[in-house]
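The residues making up each chain are set out below.
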Amino acid sequence: MEKEFSIEGRLVGADHPPLVIAEVGINHEGDYDKAIALVDAAVAAKAEVVKFQCHITEHEMIPTDMTPGEISSEKLWDIIKRCELTEDEERRVQSYCRDNNIIYLSTPFSREASDRLEKMGVPAFKIGSGECNNIPLLKHVAAKGKPIILSTGMNDIASIRTSVTALQQFEIPIALLQCTSMYPTPYENVRLGAINDLQEEFPDLLVGLSDHSLGIWTCLGAVAGGASILEKHFTISRDWPGPDTGISIEPNELADLVTGSKAVWQARGGRKTILVEEKPVIDFAYATVVSIKPIVKGEAFTLQNVWVKRPGFGPIPANDIEHVVGKIAQNDIEPNAHILPQDVANFKT
């Protein structure tokens, strides 16, 4: 299993900037024009992927009066039904994305939805946390041979291992996203440390973060921890109606996430060595041993007549002043002159 894979030619992996997924989800509220406006906003923010949700309500749930808890007091069935896009609308959104050079992805919540997306030719499948342990659906989707990005909220390592084992039978690329299914997620429950758990348990798979906390900060932290994929709910305005808009980021935040994630990706890694590029700064920032008073030949060097000053052009670095103090001057030396080895009797380091 390759740890790097491609989605419509965009390589995803540790050697590439994090893939930022703008999760529109159902923030369009079933309104096609809103869906298109959200694509435009994601493109303007320079996101590379915009993701929707493919709901065919009758195929993903039975009729129910239940509500999604604290997320909304509206019946779950009514929310999902209202937020459906028709197959024709989804195809038109996908075509619009293609025309605007942004990758279209969508999350299926039923096998019928995955079949629709397969007919549409999506390049990969994003599976939500609620379906992470839905082995029948995972196998149905995996059999299509496309990369799968799997969110892991509400699941522990043992459960995730079962899902990964099922998916690996199909020899497809797999990425796992740390996720906490709380809306919003308190920062202390984001658990960026779980990214390391996933890396250690599944070393051959890419990892990332699907985040429901407020703002973009935890996503930036995830990049430093090795995340190759970042997913955030996205809206044009948090004043829009909808169960997910309150936890969504707005266009300016999405733009900052795209820019910031690349910056953190570029900054991560490396070793604590001195770079060649630091040499110009070394020349003026380092200190070397200099005279601070007139010194006559035969006089002893003391901390009252020598000290360390910048720029660091002198031959005796600050750390070697102990090899000067107490020795005898071999020459007359003016103030503010670099002390030379030949100025110091029996100089050695």
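Rules used in this analysis
- Residues numbered from 1 in each chain as written.
- Predicted model: local features only at pLDDT ≥ 70, side-chain atom pairs only at ≥ 80, totals over all residues.
- Heavy atoms only, no water.
- Helix = DSSP H or I, 4+ residues; strand = E, 2+ residues; numbered from the N terminus.
- Rg over C-alpha atoms; globule rule 2.2 N^0.38 Å.
- Buried < 20%, exposed > 50% of the residue type's maximum accessible area, 1.4 Å probe, protein only.
- Core = buried A, V, L, I, M, F, W, Y, C linked by side-chain atoms within 4.5 Å.
- Contact = heavy atoms within 4.5 Å.
- 1 Å grid on protein atoms, 1.4 Å probe; cavity = no way out; pocket = protein on both sides within 12 Å on 5 of 7 lines; lining within 4 Å.
- Points joined across faces, edges and corners; volume = space filled by probe spheres on them.

**Some thoughts on the overall build of the chain**
The helix and strand inventory of the chain stands at 11 helices and 12 strands. Radius of gyration (C-alpha) of the chain: 30 Å, far over the 20 Å computed for a compact globule of 349 residues. By its C-alpha atoms, the chain is 100 × 45 × 40 Å across when sized along the principal axes. The 349 residues of the chain split such that 48% are buried.

**Quick word on the nonpolar core**
Ranked by size, the top nonpolar core spans 61 residues in total, and within it Val-93, Ile-148, Leu-176, Leu-230, Phe-234 and Leu-254 carry the most contacts. No other element matches helix α1 (residues 32-44), which puts 7 residues into this core. For Phe-234, the residues in contact, after removing those within four places along its chain, are Ala-22, Glu-23, Val-24, Asn-27, Leu-38, Ala-41, Ala-42, Ser-248, Ile-249, Glu-250, Pro-251 and Leu-254. One finds Ile-7, Ala-124, Ile-149 and Leu-177 within the second-largest nonpolar core, a separate group that totals 14 residues.

**Focus on empty space enclosed by the protein**
Scanning the model with the defined rule gives 1 cavity of 30 Å³ or more in all. Looking at the largest cavity, its volume works out to about 30 Å³. In terms of lining residues, the largest cavity is bounded by Pro-18, Val-20, Lys-46, Ala-47, Glu-48, Val-258, Ser-261 and Lys-262. Per-element accounting of the lining of the largest cavity gives the leading share, 3 residues, to helix α10 (residues 251-267).

**As for the environment of Ala-44**
On the secondary structure map, Ala-44 appears in helix α1. C-alpha separation for the pair Ala-44 and Glu-74, spaced 30 residues apart in sequence, amounts to 33 Å.

**A short note on unusual backbone geometry**
Between Tyr-183 and the following residue, Pro-184, the backbone shows a cis peptide bond with an omega angle of 0 degrees. Of note, the bond from Arg-310 into Pro-311 is cis; its omega dihedral lies within 30 degrees of zero at -5 degrees. Secondary-structure assignment places Pro-311 in the segment after β12 (306-309). Of note in the backbone geometry, Glu-29 takes a positive phi value of approximately 60 degrees without being a glycine. Turning to its location among the elements, Glu-29 is positioned in the loop between β3 (19-25) and α1. A relative accessible area of 16% places Glu-29 in the buried class.

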